[in-house]
Amino acid sequence: MLITGFAAGMFATNCYVVAEQPGSEAVIIDPGQDSAAQVRSILSEHSLTPVAVLLTHGHLDHTWDAADLCDEFSIPAYIHPEDRPMLADPASGIGPALGSVIGGMVFREPEKVIDFVDGEDIELAGIGFDVAAAPGHSRGSVLLTVDVAIDDRTVPVCFSGDVLFAGSIGRTDLPGGDHEQLLTSIATTLLRRPDDTQVLPGHGAQTTVGQERATNPFLVGLPGVSDAAATSPTKGRHGL
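In this report, the structure presented in the accompanying data block is examined. All of these numbers come straight from a predicted model, not from anything done at the bench.

## Things to note about the overall build of the chain
And then number 1: In terms of helices and strands, the chain carries 6 helices and 14 strands.
And then number 2: In summary, the chain has a C-alpha radius of gyration of 17 Å against a globular reference of 18 Å for 240 residues, a match within 12%.
And then number 3: Considering only C-alpha atoms, the chain reaches an extent of 50 × 50 × 30 Å along its principal axes.
And then number 4: Counting over 240 residues, the chain shows a buried share of 55%.
And then number 5: Pairs at least 24 residues apart make up 62% of the contacts formed inside the chain by residues separated by at least 6 positions.
And then number 6: Counting every atom, the chain has about 9900 Å² of accessible surface; 48% of that belongs to carbon and sulfur.
And then number 7: For the chain, the distance from the average position of its 12 positive side-chain charges to the average position of its 32 negative side-chain charges is 5 Å.

This is the structure in structure tokens:
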């Protein structure tokens, strides 16, 4: 499988392009601010044909270029219905304190939007994506997981958006955020997965469920988390 990622925009949001192989169809995950040009470059370099944009949640730093890319390639955007209103009204998800980020800019939905459903399996570009609702950072945050064959085994790869980062978790001080709900989402979705599950977050470096279970101080006290992770964390502060 081909998975290519890069950080884009003022919030260094990770955008991913996922395909079975060069020359095949592809999906674009979280095309944030100033990501479109590099997405086009990756598609061209690997001779990929995009079939959908997948959004882990509705915050502007993950959706900024979604409408332009969707309409350019005549492809749909997938998002959880709880976060869909942010596509046309991003200020509703970032609050007045961050309103200066967009000023008087006008945003819109892509021409075609499809709602994610919790627990569904969707197949796009020949790849099966498991969709799991994980509210807390936003009401409509989702985890998108694919199984990747590596050597003689299959490894889950989870695109976690802003739910879980390497050594941190998503912020919960924006509209729709709920710290306890976020911890519950992590405990009931991510921490029930195998330790070798690869986590590709919305910001920062790649990690694994096992690494976060053992060392992430924000997860101390959750089922199956090592006390060795305990320090004195403040709160997750990546992106929006």
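## Regarding the pattern of salt bridges
And then number 1: One pass over the structure, following the stated rule, counts 8 salt bridges.
And then number 2: R84 serves as the salt-bridge partner of D115, at 3.6 Å between the closest nitrogen and oxygen. One end of the pair, D115, is in strand β6 (residues 113-115); the other, R84, is in the loop between β5 (77-79) and α4 (91-94), with 31 residues separating them in the sequence.
And then number 3: Taking the relative accessible area as the measure of exposure, R84 reaches 26% and is therefore partly exposed.
And then number 4: Beyond isolated ion pairs, a larger network of salt bridges with shared partners links D68, D71 and R108.

## Re the side chain of H80
And then number 1: As for its position among the elements, H80 is in the loop between β5 and α4.
And then number 2: Within the structure, the side chain of H80 is placed 3.0 Å from the backbone nitrogen of E82, a separation counted as a polar contact.
And then number 3: Once residues lying within four places of it in the same chain are set aside, the contact partners of H80 are F116, G140 and V142.

## A short note on the pairing of strand β2 (residues 13-19)
And then number 1: Most of β2 sits inside the fold, with 7 of its 7 residues counted as buried.
And then number 2: Residues T13, C15, V17 and A19 line one face of β2 and the alternating positions N14, Y16 and V18 line the opposite face, and both faces are buried.
And then number 3: For strand β1 (residues 2-8) and β2, the ladder comprises 7 bridges, and the chain directions are antiparallel. Across the sheet, residue I3 finds its bridge partner in β2, namely V18.

Cut-offs and rules
Residues numbered from 1 in each chain as written. Predicted model: local features only at pLDDT ≥ 70, side-chain atom pairs only at ≥ 80, totals over all residues. Heavy atoms only, no water. Helix = DSSP H or I, 4+ residues; strand = E, 2+ residues; numbered from the N terminus. Rg over C-alpha atoms; globule rule 2.2 N^0.38 Å. Buried < 20%, exposed > 50% of the residue type's maximum accessible area, 1.4 Å probe, protein only. Contact = heavy atoms within 4.5 Å. Areas by Shrake-Rupley, 256 points an atom, 1.4 Å probe, with all protein chains shown as cover. Lys, Arg positive; Asp, Glu negative; His and termini not counted. Charge placed at Lys NZ, Arg CZ, Asp CG, Glu CD. Salt bridge = Lys/Arg side-chain N within 4 Å of Asp/Glu carboxyl O. Polar contact = N/O pair within 3.5 Å; in protein donor to acceptor, adjacent residues only side chain to side chain. Pairing = 2+ DSSP bridges.

This is a description of form; function is not addressed.
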